[in-house]
Structures are given as structure tokens and as C-alpha cells.
Amino acid sequence: MTKRRLVPAAILISLLGVPVASLAVEGCPVPVEPVYPEQSDEVPIEFTADEAEVTAEGISSFQGSVIVRQGYRELEAGKVRYDDQTGQVTVEGRATYREPAFEISARDGDYDARTGEARFFDAQYVVPSRPARGEARKLVAASDGDVTLKDVKYTTCMEEDPDWQLHAEKLDLDLRESRGAARKVKLDFKGVRLMYFPYLSFPLSDARKSGLLLPEFRNSDSAGTEIQIPYYLNLAPNMDATLTGRWMSARGLQMLSEYRYLTGRSFGQANFEYLPDDQRYGKDRYFTHWDHLTRFDSGWRASVDVQDASDSEYLEDLGASISDTSQTHLLRNAEVSYLGEVWQFVARARNYQTIDSGVQDQDKPAQQLPQLLLSGTWADGPLGLSYGFNSEIVSFDQKEGTDGVRLAVEPGLSLPLEGPGYFLIPEVAWRLTEYDLRNDDSDNDQPSVEAPVASLDAGLLFERETPSGKYVQTLQPRMLYAYIPYRNQDDVPVFDTALPDFNYVELFRRNRFVGGDRIGDTNQLSVGVTTRLLAAETGREFLRATLGQAFYFDDRRVTIPGETQEGNNESDLVAELGLDIFRNWNANLGYQWDVDNQETQLAEMRVQYRPADNKVANASYRYRPGILEQASFSAGWPLTHRWSVVGSIDYSLRDSTTLERMIGLQYESCCWAMRMASSREVSNRDGSKDTAIMLQLDFKGLAGLGSNARNRFEHDILGYSVYE
């Protein structure tokens, strides 16, 4: 028999090139990944049948259980006719075609071996890899990769009466270019026509393609009824953009754009939002953000992170989350840096846009135009010493108050002594800071300060196996002695310096200030211990506990404006505990105790119960005296086989008010999901709140329709996932 090739009937379901969410709902069919065995291009066609007849004219007739095989493809029919003269293969009656990715059943069909064109009629297909199924009244496939289907149906609902179904009057597929186009596309849900597209184009693979994305719907107090319609632009293999029209009944029509790019050295993203004549605000409003990074082979890199808003209330009114509302400053930063084995260099220009109207000019961050940092490290030098050098020159400019230039240098050397189970690092350094000030009211416009810095850092590591041999326990004590003599710095300005929050990491810093305007005098001994419990075979950490405190031998006299001198002999006691011992339970606790005043300075706790990805409950508590006392709870839990409830609440015990709350309900079937949610959260720095309602329909194997409630659920509930 002459060698022929069957037309790859996988083209029938090329329209299913849309990404599909994982179907892991209990009781639903699990997607089966197809496995294609390797085969050559010249695989012969094999015919088997109950009866076969060959005429003198070269016409072969096969009847009975006719099976036509070519490699991993198989065609089964009751009657097949093959004309060797014309190369025509005709299938009469029902026929079934199978290959690893799908199965198709058709009423009649024919195949022209010379032109490579195949036709099938009244075809029904099943795609286990989705899983999905559908129908096509007629299919015409050419050997050049062009496929035409008429009266096409598609759904991922496997029951006879599907809940949703996609219809297309005509579908054209270009397999060479991996793209398709459908005409008169309809989406029906529960017998109701939801959407209609006169024309719809789409990719047949994971490749991107320009086109409309499904709209999103939302309703809130701030924006009113909201509809977003995005349009995706595949500009090039390494760049794309999304243009979105956002109509808000209370504010008007806003345009949003997102541009992304990637090259061999660079990547970045640029966003621009514009709302002309905000109906509530009364003015044009905009927001821009550009984030860029370029890496060079020689160790150099350049980055830009610039944000700008038209007004201080933009993010409060039009931001996407409470994290937008809480921002007080927008960063504008551009820098060039070099990272080598010895030298490191940064050249930076930085300022901020203050968007909190409550911040006075004298309290706004100073511009750093420019800032230059140079450092070097030489390890394993003569006598085993390691040498280091840090330097900085920066020019500060403020709207009100003192401006000027700061120069800082800090050379140092250390003698690292390390071995199995221990380290000992004595280190000395000398820091010099000088200023050239402008608009300064003091008599000295060129103050300077210098001081030596000495430290001894030491630690041990002990390990032991538990009697069962299943676990390893570690014990890591650490000690740091630091000495910096007092230097009067009352005439030195404060441009970028503050006291950080005290924690276990800060316990082992030599200078208690962050920023370059203060050298914190100290004569202290910091001690701490950490213990871990690890699985002997996997290294999984079941427990981590730390405890630490600093002891001061002298008062700390150096301060920043608004702070008082510290005269206590002991720091706060800090403790941290992480637990992952019990099945499905984990917890983290942090505690800070003021030894002198015998009171709590910080307490935070988080407990999570997570027996499955879609069964999660979280509870947390945070306390700082006079600042906050806040409790939070979030959970996502199935109520029945199909229904689940989700919710979260952040409550301020100090202010007796709810900061944020969300409650939602979702229905999950094998082929579609519905998610509803209502939220109320603080949307302005004055404490006013915004209420929003979200509704989402998710047609699995196709797309979602509505606001992205799924993202909101998974964002607000730590560790939660919609699917198991």
C-alpha cells in the first residue's frame, strides 16, 4: 500500500489554545496531559478490516471493523473506500478518530491524499487534556495548515446539558501562523445570551496576540458603577502594552495604559493613567510610574523608579487597594551602580513627591541631588587582616530649612577568625563626617564630627540529634561588644537619619542610627541566642526561637531632634518564635519587653490553620502602646461540595473601628465558578471608608467575566487558593 499521512485532526481543537485554570475540584475530571511517542515523517498507513475488496481500477473497499492507523493516530469506521488513482479516502457512516490529545467522532468524511484536504461532517470532539468537548457541523482542513470550521460549539462542561457554551458560526485557523479568527461568536450561560462578538481573533498557542480582553465590573462609593474594558497589544516578541478604558459613573472616563519591555540587558514597565475632568474632583487627574533596570556585563547597572501624581488625593480616590491609600510619599529615583569583587559604586539622584497634605514643608524628605557612594573590600590581606572602606558625598536640598553637602568616609580593618562551630571577628574603623551648609542659622556652617568605632563579634554553633534520630537541634549563641565614644553633634543637621524600630537584627548593629548624620555613642554588649529544630533528612525547619538583649555601660548622649537621651542600663528584651511543628498549624510570635518600665513595647502574633489550599484560617494581633492595637482574622472555607465562604477583617481595638473587611461567597463547579464579594475599607488618610461590591463569573477553559474577585480572595487571605 502506498505510504500516506493522515491529516492531524488535532487542528479541530486548535481553537482551544486559551490557557486553562487547573481543575482540581473534588469529583471533577482531572486533565490528562497527552504523551506523543516519537515517529518519523514517513510513517505508513495500515488498514485492517473484517472485509476488504480491491478492484482492477485500484479502488479498495474496507467494511466491518475498519481501523486505519498511522503511528499514534487511529481512525475507526464501519466502511472506508480508498481510490489509489485519485488518492481519495472516503468514510461512510459514523467514524471515530483518536490521538493522545483528543478524540473526534464524525458522521461522514473524506480525505484527498493528493491535495491533503480533509472534510468531516457533524463532528463531535472530546479533549481530555482540558478537559473539554464540542461540536462542528463541518470541518475543512488543507495541507497548508488552513482549517475552516462551521457551526462550532465548545464547553468544558462534560454533562449533556452544559451550563455554558460558546458558539461560533465560522472559525478560520491558520496553523502556520498559530492564529485564528471567529465570526458571530456567542456565549450562553444557563440559557441566557451573555455576550456577542461579531468578530473575535485569538492565538492558537501560548504566543501573545493583540485583541480585546474580557471586561471587569465593580461598584463602589468612590467611583460608582465601574466598567473596565482592556485591549491588549502584542507590539513585538519583547514588548507589549495594555490599554484600558475605565468608565466610572461618579467620575467619568479614565484611560489607563501599561507598557512592558524586555531586551538582552534591560527590562521595565511604564504606567500612565489619565482622568479628564473628574466629576467629583473638578480637575484633570493623572498618575505615572516608570520602573526600569539595565544590567551590563562588566558589573555596571542602571535603574530608574519614578512616580508622579497630579494631586495628593489621587491614590486615595483612584488607587486599587488600601496600600495605595496609605502612601505618604512617591519615590523618584535614578541611579547608576557598579558591583565588583573589590569596589562598589553608586551614583544616585533621588527625591520624593509628598502626597500627604498633613506633612509640613520642614518635615518633607530632602532631595538628594546627587548622592555618590564608593566602597571597597580587601579580604585576606597581610597578617590575615581584611580591609574595608566606605565613603559618601551627597547634596541635600529642602524647601525649608538648611541645605548643604555632606561628606563621609569610614576606613576599617578586621581580623576574621572562623572555624567549624565558631567565629570571632575583632574590627576597628574610623568615621569622619563633614558638612558645607547653606541657609543655616548657626554660627558654624561647616561642622564636622569624627569618631572611632570598635567591635568584637563572636558566635558559636552547637548541633545535636534527638534520641529518635529524626531531628537535629541547633543552638547558636552570639555576642557583640561595640564601643563608640561620645562626640557632641548638636550643631550637625539631620537630613536622612532616624532611629529604626528595635528588633533582633538591630540588636547587633554598631551604630544605632540609620542614615549618615549621627554617630551614635555607645559602650554596650549585645547577647542573643537562637535555637532551631530541623528534620534530619530534609532540613525542614519546625521551630525557630530567638532571645536577645543589650547591656549598656554608659549613657547614650547623642540624639536627634525630638528624641531624649537614653540612660537605661539595659535594652528591651526581644523574643521571636516560629512554629511549624503541629500538622496543618503554624505560628509566629514576636515580643519586646521594656525591662526598666516593666511594660510591653511590642507584641505581635499570627496563627494559621491550613489543612488544604482551599481551607485556611488566619488570626493575628499587633500591639504598640499608644500607637496601635489591631486584631485581624481571615478565612476561606468550603461549606458544601460546591459552595465556599471567604472573609477577612482588620479591627483597630485602640480606635474601636473596622479598618478593612471583606466577605465573599463562591460557587465552584467543574466548568464554571461564581464569586461575589463585598468590601469596606479605609480609603482616605482622614479615616473615611469606601464600600465596594464585586461579582465574577469564571468560565473554566475560556475566560473570566467581571471583577477579579479571585485575586482579592487570595490577596486578603494568607495562604489561600481557590482550587485545592
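Residues numbered from 1 in each chain as written. Predicted model: local features only at pLDDT ≥ 70, side-chain atom pairs only at ≥ 80, totals over all residues. Heavy atoms only, no water.

## With respect to the overall build of the protein
Part 1 of the reasoning: Helix and strand counts for the protein come out as three helices and 43 strands.
Part 2 of the reasoning: Expressed as a percentage of its 724 residues, the buried residues of the protein come to 40%.
Part 3 of the reasoning: Nonlocal contacts in the protein, meaning residues at least 24 apart in sequence, comprise 46% of its contacts between residues at least 6 apart.
Part 4 of the reasoning: Surface accessibility of the protein: about 37,300 Å² in total, with carbon and sulfur atoms responsible for 53%. (Helix = DSSP H or I, 4+ residues; strand = E, 2+ residues; numbered from the N terminus. Buried < 20%, exposed > 50% of the residue type's maximum accessible area, 1.4 Å probe, protein only. Contact = heavy atoms within 4.5 Å. Areas by Shrake-Rupley, 256 points an atom, 1.4 Å probe, with all protein chains shown as cover.)

## Describing a nonpolar patch on the surface
Part 1 of the reasoning: A contiguous nonpolar surface patch, about 490 Å² in accessible area, is contributed by Trp343, Leu374, Trp378, Tyr387, Leu413 and Val428.
Part 2 of the reasoning: Assignment of secondary structure puts Val428 in strand E28 (residues 422-438).
Part 3 of the reasoning: We classify Val428 as partly exposed; its relative accessible area is 42%. (Patch = residues over 30% accessible without salt bridge, like charges linked within 9 Å, V, L, I, M, F, W, Y side chains within 5 Å. Salt bridge = Lys/Arg side-chain N within 4 Å of Asp/Glu carboxyl O.)

## Section: the environment of Glu103
Part 1 of the reasoning: Here Glu103 shows up in strand E6 (residues 102-106).
Part 2 of the reasoning: For Glu103 and Glu74, which are 29 residues apart along the polypeptide, the C-alpha to C-alpha distance reads 9.7 Å.
Part 3 of the reasoning: For Glu103, the residues in contact, after removing those within four places along its chain, are Thr96, Tyr97, Arg98, Gln124, Tyr125 and Val126.

## Regarding unusual backbone geometry
Part 1 of the reasoning: Residue Leu369 is joined to Pro370 through a cis peptide bond whose omega torsion reads -5°.
Part 2 of the reasoning: Topologically, Pro370 is positioned in strand E24 (residues 367-378).
Part 3 of the reasoning: The phi angle at Asp277 is positive, at roughly 50°, despite the residue not being glycine.
Part 4 of the reasoning: Tracing the backbone through its elements, the reader meets Asp277 in the loop between strand E19 (266-275) and strand E20 (285-295).
Part 5 of the reasoning: For Asp277, a relative accessible area of 48% gives the class partly exposed.
Part 6 of the reasoning: Even without being a glycine, Ser656 presents a positive backbone phi close to 55°.
Part 7 of the reasoning: Mapped onto the secondary structure, Ser656 falls in the loop between strand E39 (643-652) and strand E40 (657-668).
Part 8 of the reasoning: Using a relative accessible area of 54% as the deciding quantity, one classes Ser656 as exposed.

## Considerations on the packing of aromatic side chains
A ring pair, where both rings are aromatic, is described by two values, the distance of the centres and the angle of the planes.
Part 1 of the reasoning: Across all of its chains, the model carries 21 aromatic pairs by this definition.
Part 2 of the reasoning: Ring centres of Phe47 and Phe62 lie 4.7 Å apart, and the angle between their planes is 10°; on these two criteria the pair is classed as stacked. Pair noted here: Phe47 is in strand E1 (residues 46-48) and Phe62 is in strand E3 (residues 59-70), with a separation of 15 residues, a long-range link.
Part 3 of the reasoning: By way of ring pairs, the aromatic residues Tyr154, Trp164, Phe189, Trp643, Tyr667, Trp672 and Phe699 are connected into one cluster.
Part 4 of the reasoning: The positively charged end of Arg556 is found above the aromatic ring belonging to Tyr552, 3.6 Å away from the centroid.
Part 5 of the reasoning: Geometry around Tyr486 places Arg557 over its ring, the cationic atom sitting 3.8 Å from the centre. (Phe/Tyr/Trp six-rings, centres within 6.5 Å; stacked < 30°, edge-to-face > 60°. Lys NZ or Arg CZ within 6 Å of the ring centre and 35° of its normal.)

## As for empty space enclosed by the protein
Part 1 of the reasoning: Per the stated rule, a full pass over the model turns up three cavities of 30 Å³ or more.
Part 2 of the reasoning: Its volume calculated, the second largest cavity comes out at about 60 Å³.
Part 3 of the reasoning: Surrounding the second largest cavity, Leu499, Arg512, Phe513, Arg556, Val558, Thr559, Ile560, Glu563, Thr564, Gln565 and Glu566 form its lining.
Part 4 of the reasoning: Looking at the lining of the second largest cavity, its residues break down into four nonpolar, three polar and four charged. (1 Å grid on protein atoms, 1.4 Å probe; cavity = no way out; pocket = protein on both sides within 12 Å on 5 of 7 lines; lining within 4 Å. Points joined across faces, edges and corners; volume = space filled by probe spheres on them. Nonpolar A, V, L, I, M, F, W, Y, C, P; charged D, E, K, R; others polar.)

## Observations concerning the pairing of strand E5 (residues 88-99)
Part 1 of the reasoning: Across nine bridges, the pairing between strand E4 (residues 73-83) and E5 is antiparallel. Directly across from Arg81, in E5, lies its bridge partner Thr90.
Part 2 of the reasoning: Examined bridge by bridge, E5 and strand E7 (residues 108-112) share four bridges and lie antiparallel to one another. Looking at the pairing, Val91 lines up with Gly109 of E7. (Pairing = 2+ DSSP bridges.)

## A few points about the environment of Val494
Part 1 of the reasoning: Locating Val494 in the fold gives a position in the loop between strand E31 (471-484) and strand E32 (522-535).
Part 2 of the reasoning: You can call Val494 partly exposed: its relative accessible area is 30%.
Part 3 of the reasoning: Remark: the alpha-carbon pair of Val494 and Gly515, spanning 21 residues in sequence, is separated by 8.9 Å.
Part 4 of the reasoning: Among all residues touching Val494, those that are not within four sequence positions of it are Asp517, Arg518, Ile560 and Pro561.

## Some words on helix H3 (residues 709-716)
Part 1 of the reasoning: The set of residues buried in H3 consists of Ala709, Arg712, Phe713 and Asp716. Down the axis of H3, the buried set is contained in an arc of 100°. They therefore lie on one face.
Part 2 of the reasoning: Elements in contact with the buried residues of H3: strand E38 (628-638), E39, E40, strand E41 (672-682) and strand E42 (689-699). (Arc of directions from axis to C-beta.)

## Some remarks on the environment of Gln608
Part 1 of the reasoning: Here Gln608 is to be found in strand E36 (residues 599-612).
Part 2 of the reasoning: Between the alpha carbons of Gln608 and Trp585 there is a distance of 5.7 Å; along the sequence they are 23 residues apart.
Part 3 of the reasoning: Once residues lying within four places of it in the same chain are set aside, the contact partners of Gln608 are Asn584, Trp585, Asn586, Val616, Ala617, Asn618, Leu718 and Gly719.
Part 4 of the reasoning: For Gln608, the side chain forms a polar contact with the side chain of Asn618, separated by 2.8 Å.
Part 5 of the reasoning: Here Leu718 takes part through its backbone oxygen, which lies 3.1 Å from a polar atom of the side chain of Gln608. (Polar contact = N/O pair within 3.5 Å; in protein donor to acceptor, adjacent residues only side chain to side chain.)

## Structural notes on the pattern of salt bridges
Part 1 of the reasoning: On inspection of all chains with the given rule, the structure shows 44 salt bridges.
Part 2 of the reasoning: The salt bridge involving Asp655 is made with Arg654; its shortest N-O contact spans 3.8 Å.
Part 3 of the reasoning: Residue classification places Arg654 among the partly exposed residues on the basis of a relative accessible area of 46%.
Part 4 of the reasoning: Glu668 serves as the salt-bridge partner of Arg675, at 3.8 Å between the closest nitrogen and oxygen. The same class applies to Arg675 and to Glu668, which are both buried.
Part 5 of the reasoning: Shared partners join several salt bridges into a network, and the residues in it are Arg251, Asp278, Arg285, Asp311 and Asp317.

## Examining the side chain of Gln353
Part 1 of the reasoning: Note on placement: Gln353 falls in strand E23 (residues 343-354).
Part 2 of the reasoning: Judged by relative accessible area, Gln353 falls into the buried class, the value being 15%.
Part 3 of the reasoning: Among the polar contacts made by the side chain of Gln353, one reaches the main-chain carbonyl oxygen of Ala309 at a distance of 2.8 Å.
Part 4 of the reasoning: Non-local contacts of Gln353, meaning those with residues more than four positions away in its chain, are made with Gln307, Asp308, Ala309, Thr328, His329, Leu330 and Arg332.

## As for the pairing of strand E2 (residues 51-54)
Part 1 of the reasoning: Examined bridge by bridge, E2 and E3 share four bridges and lie antiparallel to one another. By the bridge assignment, Val54 is partnered in E3 with Ser60.
Part 2 of the reasoning: If you look at the hairpin formed by E2 and E3, you'll find four residues sitting between the two strands, and Gly58 has a positive phi there, around 85°.

This is a description of form; function is not addressed.
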